[in-house]
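Now for the letters of each chain:
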Amino acid sequence: MENKKKLIFIASAFVVLLLVAGVLYKGFGTGFSSNQISQQPNGQNPEEKLEAMDFTVYDADGNEVHLFDFIGKPIVLNFWASWCGPCRSEMPEFNAASQELEGEVQFLMINATDGSRETVKKAKTFVEENGYTFPVYYDTEMEAGTIYSAYALPTTYFIDAEGYVVAKASGSIDAELLQKGLDMIYAPEQ
């Protein structure tokens, strides 16, 4: 009788564990969706424009760089880390687009440099080993990531030339979604 109670308890605990895991997966999994770009970041009204917020990050030489230094051209603002698998998977697409649109669209690849899990050295090594040529900036004080709520990586914002946030993508995006975001902020001259 005692063994039967233990078996029922273990089976019940297992079922509860599976249910909890399912709920957590469903809840957290949507935050890493790779198939959508939100045109109204942060739930804004479509008629209201959301102004980009300035921040300070650092280039490879330790010089301060500000988002507002780049206003005047469309901006793709991507938050990433070298340890992040989804970030790594989208990097070739960002690199190709940044090369193709050089001088037309600013790509700001903001590394979430927390100083422990991600360091400037680790990020630089990753970029060099993969031959990426897009500009990388280091958010060593986590200011940019905090301002833009980039708590899950990767996170990408599309900012128009006037400095308004047009769209946001959470999670890894492919070439098609990157192009969709670019189309929202950039129209090449014919």
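Just so we're clear, the structure is a prediction, and the values are computed from it rather than from any experiment. (Residues numbered from 1 in each chain as written. Predicted model: local features only at pLDDT ≥ 70, side-chain atom pairs only at ≥ 80, totals over all residues. Heavy atoms only, no water.)

**Student:** Could you clarify how one ought to interpret the packing of aromatic side chains in this entry?
**Tutor:** How two aromatic rings sit relative to each other is set out by the distance from centre to centre and by the angle between their planes. Per the counting criterion, the structure on display carries 7 aromatic pairs. Here the aromatic rings of Phe55 and Tyr148 are separated by 5.8 Å at their centres, their planes lie at 90 degrees, and the arrangement is edge-to-face. Of this pair, Phe55 sits in the loop between β1 (50–51) and β2 (56–58) while Tyr148 sits in the loop between α4 (143–147) and β7 (155–159), and the two are 93 residues apart along the sequence. Taking 5.9 Å as the distance between ring centres and 55 degrees as the angle between the ring planes, the aromatic pair formed by Phe126 and Tyr132 counts as tilted. With a relative accessible area of 6%, Phe126 lands in the buried category. Classification of Tyr132 as buried rests on a relative accessible area of 13%. Members of the aromatic cluster, joined through ring pairs, are Phe55, Phe79, Tyr148 and Tyr157. Over the ring of Tyr164 we find Lys49, and its NZ or CZ is 4.9 Å from the ring centre. A cation over a ring is seen here: Arg117 above Trp83, with NZ or CZ 3.6 Å from the ring centre. (Phe/Tyr/Trp six-rings, centres within 6.5 Å; stacked < 30°, edge-to-face > 60°. Helix = DSSP H or I, 4+ residues; strand = E, 2+ residues; numbered from the N terminus. Buried < 20%, exposed > 50% of the residue type's maximum accessible area, 1.4 Å probe, protein only. Lys NZ or Arg CZ within 6 Å of the ring centre and 35° of its normal.)

**Student:** Help me out: how do you make sense of the nonpolar core in this one?
**Tutor:** Proteins that are soluble and globular tend to have nonpolar side chains buried together. Counting 50 residues, the largest nonpolar core has Leu77, Phe79, Trp80, Ile110 and Tyr148 as the members making the most contacts within it. Of all the secondary-structure elements, those providing two or more residues to this core are β4 (75–80), α2 (85–100), β5 (106–111), α3 (120–130), β6 (136–138), β7, β8 (164–170) and α5 (175–185). Here this core takes 5 residues from β4, the largest share from any one element. Excluding residues within four positions of it along the chain, Tyr148 makes contact with Ala52, Met53, Phe55, Leu67, Leu77, Phe79, Tyr157, Ile159 and Val165. (Core = buried A, V, L, I, M, F, W, Y, C linked by side-chain atoms within 4.5 Å. Contact = heavy atoms within 4.5 Å.)

**Student:** Explanation requested: the state of the cysteines in the structure shown.
**Tutor:** Cysteine pairs can be covalently joined through their sulfur atoms, and such a bond is termed a disulfide. Inspection of every chain in the model, using the stated rule, returns 1 disulfide. The disulfide partner of Cys84 is Cys87, and the gap between their sulfur atoms is 2.4 Å. An S-S torsion of about 80 degrees defines the bridge between Cys84 and Cys87 as right-handed. When its relative accessible area of 0% is taken as the criterion, Cys87 is described as buried. (Disulfide = S-S within 2.5 Å.)

**Student:** Help me out: how do you make sense of the packing of α2 against α5 in this one?
**Tutor:** Any two packed helices are characterised by how steeply their axes cross, that is the angle between the axes, and by the distance between the axes. Contact geometry for α2 and α5: axes closest at 10 Å, N-to-C directions at 45 degrees. If you check the angle between α2 and α5, you find them oblique. For the pair α2 and α5, the sense of crossing is right-handed. Across from Glu93, Phe94 and Ala97 in α2, the residues of α5 making contact are Ala175, Leu178 and Leu182. Among the residues making up the contact of α2 with α5, the classes are represented as 5 nonpolar, no polar and 1 charged. (Axes fitted to C-alpha atoms, helices over the stretch in contact; angles between N-to-C directions. Parallel < 35°, antiparallel > 145°, perpendicular 65-115°, else oblique. Left-handed = near helix turned anticlockwise from the far one by under 90°. Nonpolar A, V, L, I, M, F, W, Y, C, P; charged D, E, K, R; others polar.)

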